[in-house]
Amino acid sequence: MNAIVVHAYGGPEVLSFETVPVRQPGPGEVLVANKAVGVNYIDTYFRSGVYKAPQLPFVLGNEAAGEIEAVGEGVDEFVPGDRVAYTHTLGAYAERTVVPAKSVVKLPGSIGFETAAGSLLKGLTAEYLLHRTFKVEPGHTILIHAAAGGVGLILTQWAKLIGATVIGTAGSPEKVELARANGADHVIDYTKEDFVARVREITEGRGVDVVYDGVGKATFPASLDTLRPLGLFVSFGNASGVIEAFDILLLSQKGSLYATRPTLNVYTAHRETLLEQAENLFGVIGGGKVNIAVNARFPLREAADAHRALASRKTTGATVLLP
Ligand SMILES: NC(=O)c1ccc[n+]([C@@H]2O[C@H](COP(=O)([O-])OP(=O)(O)OC[C@H]3O[C@@H](n4cnc5c(N)ncnc54)[C@H](OP(=O)(O)O)[C@@H]3O)[C@@H](O)[C@H]2O)c1
């Protein structure tokens, strides 16, 4: 089969389209024929070496949707032909992937492969950020950075559905419009405006209850200044680079703040929780409450171009690869 292999960490040019052997699923595993593969910012961290793979070379990719082709010993939840999606650390940029059955969820009939590949990883992330890391409720005012991005558009729509007031940031006038069209109450172009001053103005000096920051280095420590006393700083990604070590006294000086650095894998570690999260996600998508914008598609062999687009801030919403 064909797959995107990384032999050495580096820029998009290290993504190599190659023929590799197909492995049969072992005990507790399933073989999925991928129909659409999600492109996520985390893929760029594994490609560049910001996050290390267990070994080199490796097949990139953390999410896909497709059909079960074979099941290993002891798997009774799935049969060949089932329509499924999964998030799993590495291996998804391929025509087929062997994954643990516990990482796989069945797709409702209303959800197509591209929608699933464009929404499972990003949407499960939005689910835990809004419902578990901080329980967003009507009356809360929240700040979402990169609100026109993959995770950002889902967070924005879902937070509005809950009833929060949403302030978003975005990096161009088109992205500002997109975030607004997806429900954000206020959107700040943080490449032109001081987002701290604007948030203070919008909240009449109070600050937001929680800031969801997947941008990282470029918005730190400024994000802390957007929070109300005892507010929560959620650092969930490093699109602009990793935040450097900082003095914890900063949290005290800026209003007895809370800070967390969550990851999806920890939130989905228990099967029952994963299934509950997926049900919540597919419920809001299937019910037409959260729209999944798959705004770019690339053939699998052009994965490097997809990475160039994502890293140069050209994409909005979700991007998928088609094997
Ligand atoms: N912790 C978790 O569980 C988890 C799970 C999924 C995703 N994430 C994180 O969530 C974030 C969003 O992921 P995504 O896949 O949906 O990506 P994305 O938001 O579609 O793309 C990243 C966006 O970040 C913004 N950005 C700001 N500065 C940037 C820079 N210097 N270089 C590149 N982009 C920059 C850009 O939007 P603007 O042009 O509007 O600024 C860009 O479009 C990432 O940090 C990712 O690692 C975390």
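Computed from a predicted model, the values in this text were never measured in an experiment.

### Overview of the domain arrangement of the chain
- Once the domains are mapped, the chain shows domain 1 (2–119 + 292–322) and domain 2 (125–263).
- Contacts between the two partners involve 12 residues from domain 1, matched on the other side by 15 residues from domain 2.
- Here domain 1 meets domain 2 over a buried area of about 860 Å², counting both sides, of which 54% is carbon and sulfur.
- Linking domain 1 to domain 2 there are zero salt bridges.
- For the side of domain 1 that touches domain 2, the class distribution of residues is seven nonpolar, four polar and one charged.

### Focus on the site of the ligand
- Around the ligand sit 28 residues, and of these Tyr128, Lys175, Tyr190, Gly214 and Arg313 come closest.
- Note that an oxygen atom of the ligand is positioned 2.7 Å from one of the side-chain N or O atoms of tyrosine 128.
- Taking 910 Å² as the accessible area of the ligand by itself, protein coverage stands at 91%.
- Elements supplying a minimum of two residues to the shell around the ligand: α1 (41–48), α3 (120–133), α4 (150–162) and α10 (303–311).
- For the shell around the ligand, the leading source of residues is α3, giving three residues.
- The class makeup of the residues in the shell around the ligand is 15 nonpolar, 10 polar and three charged.
- Mapped onto the domain boundaries, the shell around the ligand takes at least three residues apiece from domain 1 (2–119 + 292–322) and domain 2 (125–263).

### Some points on the packing of aromatic side chains
- Taken as a whole and judged by the stated rule, the model has eight aromatic pairs.
- Judged by centre distance (5.7 Å) and plane angle (80°), the ring pair of phenylalanine 46 and tyrosine 51 falls under edge-to-face.
- In this structure an aromatic cluster arises from ring pairing among Tyr41, Tyr45, Phe46 and Tyr51.
- A cation over an aromatic ring shows up here: lysine 52 above the ring of tyrosine 9, its NZ or CZ 4.9 Å from the ring centre.

### Describing the sheet that holds strand β10 (residues 165–170)
- Judged by pairing direction, the sheet is parallel, and its six strands sit side by side in the order β11-β10-β9-β12-β13-β14 without closing on themselves. Two strands in the sheet have a free side with no partner beyond their single neighbour: β11 (186–189) and β14 (258–260). The mean inter-strand angle of the sheet, taken between neighbouring strand axes irrespective of direction, is 15°.
- Helix α6 (residues 195–202) rests against β9 (141–144), β10, β11, β12 (208–213) and β13 (227–235) of the sheet, and its axis sits at about 160° to β11.

### Some words on α6
- Of the residues making up α6, those classed as buried are Phe195, Val196 and Val199. The buried residues of α6 occupy an angular sector of 100° when the element is viewed end-on, so they sit on one face.
- Those residues of α6 hidden inside the fold are in contact with β9, β10, β11 and β12.
- Regarding α6, its N-cap is aspartate 194, as a side-chain oxygen of that residue lies 3.0 Å from the backbone nitrogen of valine 196 further along.
- At the C-terminal side of α6, glutamate 204 shows a positive phi close to 50°.

### Focus on the UniProt feature "domain: Enoyl reductase (ER)" (unreviewed entry) in the chain
- Within this structure's numbering, the places UniProt gives as "domain: Enoyl reductase (ER)" (unreviewed entry) are residues 10–321.
- In this annotation, residues 10–321 is assigned 29% helix and 26% strand; the end-to-end C-alpha distance for the span is 20 Å.

### A few points about the packing of α3 against α4
- At a minimum axis separation of 9 Å, α3 and α4 run at an interaxial angle of 45°. Comparing the axis directions of α3 and α4 gives the class oblique. The two elements α3 and α4 meet at a crossing, and its hand is right-handed. Across from Lys122, Gly123, Thr125, Ala126, Glu127, Leu129, Leu130 and His131 in α3, the residues of α4 making contact are Gly150, Val151, Ile154, Leu155, Trp158, Ala159 and Ile162.
- A breakdown of the residues in the contact of α3 with α4 according to their chemical character gives nine nonpolar, four polar and two charged.

### What to know about the pairing of strand β5 (residues 63–71)
- In the sheet, strand β3 (residues 29–39) pairs with β5 via seven bridges, with the strands oriented antiparallel. Looking across to β5, one finds that valine 32 is bridged to isoleucine 68.
- As judged from the five bridges shared by β5 and strand β6 (residues 83–87), these two strands associate in the antiparallel manner. Considered in β6, the bridge of glycine 66 is made with valine 84.

### Some words on the environment of histidine 88
- Take histidine 88: it is sitting in the loop between β6 and β7 (96–100).
- On the accessibility criterion, histidine 88 (24% relative accessible area) is partly exposed.
- Leaving out residues up to four positions away in the same chain, histidine 88 has contacts with Gly61, Asn62, Glu63, Val99, Pro100 and Ser103.

Thresholds, definitions, all that
- Residues numbered from 1 in each chain as written.
- Predicted model: local features only at pLDDT ≥ 70, side-chain atom pairs only at ≥ 80, totals over all residues.
- Heavy atoms only, no water.
- Domains from an automatic or database assignment.
- Contact = heavy atoms within 4.5 Å.
- Buried area = accessible area lost by both parts, 1.4 Å probe.
- Salt bridge = Lys/Arg side-chain N within 4 Å of Asp/Glu carboxyl O.
- Nonpolar A, V, L, I, M, F, W, Y, C, P; charged D, E, K, R; others polar.
- Near = heavy atom within 4 Å.
- Polar contact = N/O pair within 3.5 Å; in protein donor to acceptor, adjacent residues only side chain to side chain.
- Areas by Shrake-Rupley, 256 points an atom, 1.4 Å probe, with all protein chains shown as cover.
- Helix = DSSP H or I, 4+ residues; strand = E, 2+ residues; numbered from the N terminus.
- Phe/Tyr/Trp six-rings, centres within 6.5 Å; stacked < 30°, edge-to-face > 60°.
- Lys NZ or Arg CZ within 6 Å of the ring centre and 35° of its normal.
- Pairing = 2+ DSSP bridges.
- Axes fitted to C-alpha atoms, helices over the stretch in contact; angles between N-to-C directions.
- Buried < 20%, exposed > 50% of the residue type's maximum accessible area, 1.4 Å probe, protein only.
- Arc of directions from axis to C-beta.
- UniProt positions renumbered as here; feature names shortened; annotations may be inferred.
- Parallel < 35°, antiparallel > 145°, perpendicular 65-115°, else oblique.
- Left-handed = near helix turned anticlockwise from the far one by under 90°.

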